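Chains, contacts and geometry: an overview
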Amino acid sequence: MIKSVKAIGTDSSANPLHTFNIQRRGLLTDDVEMEILYCGICHSDLHQVKDDFGATTFPVVPGHEIVGRVTAVGSDVTNFKVGDYAAVGCIVDSCGSCPACERDLQQFCENGTTLSFNTPDKHLGGMTYGGFAKTYVCKERYTLKMPDFADMAAAAPLLCAGITVYSPLKHWKAGAGKVVGVLGIGGLGHVAIRIARAMGAHVVVLTTSQAKIEDAQRLGAHEAVLTSDAEQMKKFAGKIDIIIDTVSAKHDINAYLKLLAIDGTVVLVGLPPEPFEVGAFNIVKGRRSFAGSNIGGIDETQEMLEFCAEHNITADIELVDADKVNEAFERLEKGDVKYRFVVDMSTLN
Ligand code: NAP
Ligand code: ZN
Ligand code: ZN
């Protein structure tokens, strides 16, 4: 039976977020239904609400760092029972059989990935609605198990921020003997510092904020560079193996390509809407790469959650009530958050 549930979203990029009711599908045999407890606010939610990519369908309900408690399961579900903690990240469906899906790369499904919000909803028509809502219904295959985190609200950002940095760090082999630079210390960046450190890498923070230089060591970095200081930047020229670039706005990538060691890689995960200009000599010299990465597959997301639980990694969060979501979005836009907002969905009434 289709259910009507309260959600937070907007019908235009010009309007603030507000509450309205959306529909969730009735439980199918392989579905898990959860009451949402917490949902993180990712900069991608802000990009989508502002329609930065010109690809948002309104009304939009954002939210894709979702932690909840299971309230019902379909008859074929075997891994979840009522009362369990469960989570939903960015991906809620894919074809399951194309070469990408077979490699646990459902984010690159050749037949189209269904994201937790703002992609076509195969069941109800229209677009999917995200985690700024009272409930979510997701296929068991795409629902994550939550390991035993002491603070489930602080674990919510792992569902996007965590996997988005874990996947490239693993792919480009961050670990002992490698120098990892983390560029942009926001929601993704501060989790990247912790994960890269736990993988055994030497971690260098690259930030525009003096206050974050002072916080870098507490977050787990070995060194920190104020990117506006040419002298500090010069010290790291040719020294870094992997830079995870999380910057959400336009920036000069060449300044960071110059920091790479031979065979080093800048991995772009941030999504500035404008295209980049890359100077030829900044990549031909040193056989350097400028690469990109997009979230991570479902099995890898589960692996990341286990890794973070084992290494005691969660996000530094500011938990906000549902009626403070607009304020949180405004502060995120100004960079005024240390380091992730999470909405307490029990306050959405
Ligand atoms: P966030 O919390 O806002 O952090 C972004 C950080 O970038 C800021 O804290 C700031 O760090 C730096 N920054 C922002 N504007 C800047 C500017 N004009 N110049 C230089 N640095 C600037 O955002 P987030 O949630 O971590 O997301 C970061 C980006 O990743 C967004 O574009 C988001 O859409 C994208 N994203 C991509 C994926 C993917 O799969 N590829 C997944 C999730 C998010 P400092 O103060 O340290 O300089
Ligand atoms: Zn995200
Ligand atoms: Zn597929």
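As a starting point, this report considers the structure included with it. (Residues numbered from 1 in each chain as written. Chains lettered and ligands numbered in written order. Predicted model: local features only at pLDDT ≥ 70, side-chain atom pairs only at ≥ 80, totals over all residues. Heavy atoms only, no water.)

Remarks on the nonpolar core
In this structure, F132, M146 and I195 are the most contacted members of the largest nonpolar core, which totals 89 residues. A per-element tally of this core places helix α5 (residues 187–198) first, with six residues. (Core = buried A, V, L, I, M, F, W, Y, C linked by side-chain atoms within 4.5 Å. Buried < 20%, exposed > 50% of the residue type's maximum accessible area, 1.4 Å probe, protein only. Helix = DSSP H or I, 4+ residues; strand = E, 2+ residues; numbered from the N terminus.)

Let's talk about the site of ligand 1
Around ligand 1, a shell composed of 27 residues is seen, among which H43, T207, T208, S209 and R340 lie nearest. Between G186 and ligand 1, the recorded distance is 3.5 Å, taken from a backbone N or O atom to an oxygen atom. In the environment of ligand 1, an oxygen atom lies 2.8 Å from a nitrogen or oxygen atom belonging to the backbone of L188. Bound to the protein, ligand 1 loses 87% of the 920 Å² it would expose on its own. Counting residues per element, the ones that place at least two in the shell around ligand 1 are α1 (43–49) and α5. A per-element tally of the shell around ligand 1 places α1 first, with three residues. Of the residues assigned to the shell around ligand 1, the class counts are ten nonpolar, 15 polar and two charged. (Near = heavy atom within 4 Å. Polar contact = N/O pair within 3.5 Å; in protein donor to acceptor, adjacent residues only side chain to side chain. Areas by Shrake-Rupley, 256 points an atom, 1.4 Å probe, with all protein chains shown as cover. Nonpolar A, V, L, I, M, F, W, Y, C, P; charged D, E, K, R; others polar.)

Quick word on the sheet that holds strand β10 (residues 179–183)
Hydrogen bonds between backbone atoms are what pair the strands of a sheet, whose relative direction is either parallel or antiparallel. Reading across from one edge, β12-β11-β10-β13-β14-β15 is the order of the six strands in this open sheet, with parallel pairing throughout. Each edge of the open sheet carries a strand with a single partner, namely β12 (223–226) and β15 (289–292). If you compare each strand with its neighbour and ignore which way they point, the axes differ by 20° on average. Where strand β14 (residues 260–268) lies against β15, four bridges are found, and the strand directions are parallel. (Pairing = 2+ DSSP bridges. Axes fitted to C-alpha atoms, helices over the stretch in contact; angles between N-to-C directions.)

Considering the coordination of the zinc ion (ligand 3)
Taken together, the protein ligands of the zinc ion (ligand 3) are C95 (SG), C98 (SG), C101 (SG) and C109 (SG), with distances of 2.3 to 2.4 Å. Relative to the metal, the four donor atoms surrounding the zinc ion (ligand 3) lie at angles of 104 to 118°, and the coordination shape comes out tetrahedral. Donor residues for the zinc ion (ligand 3), ordered by position in the chain, follow C-x2-C-x2-C-x7-C. According to the relative accessible area criterion, C109 is buried, its value standing at 8%. (Donors = N, O, S within 2.8 Å, 3.2 Å for Na, K, Ca; no water. Tetrahedral: all angles 85-135°; square planar, octahedral: opposite > 155°, others 65-115°.)

Digging into the pairing of β12
Judged from the four bridges that link them, strand β11 (residues 202–207) and β12 form a sheet pairing that is parallel. Within β12, the residue paired with V204 across the bridge is E223. In terms of handedness, the path from β11 via helix α6 (residues 210–219) over to β12 forms a crossover that is right-handed. (Right-handed = clockwise from strand over helix to strand, strands pointing away.)

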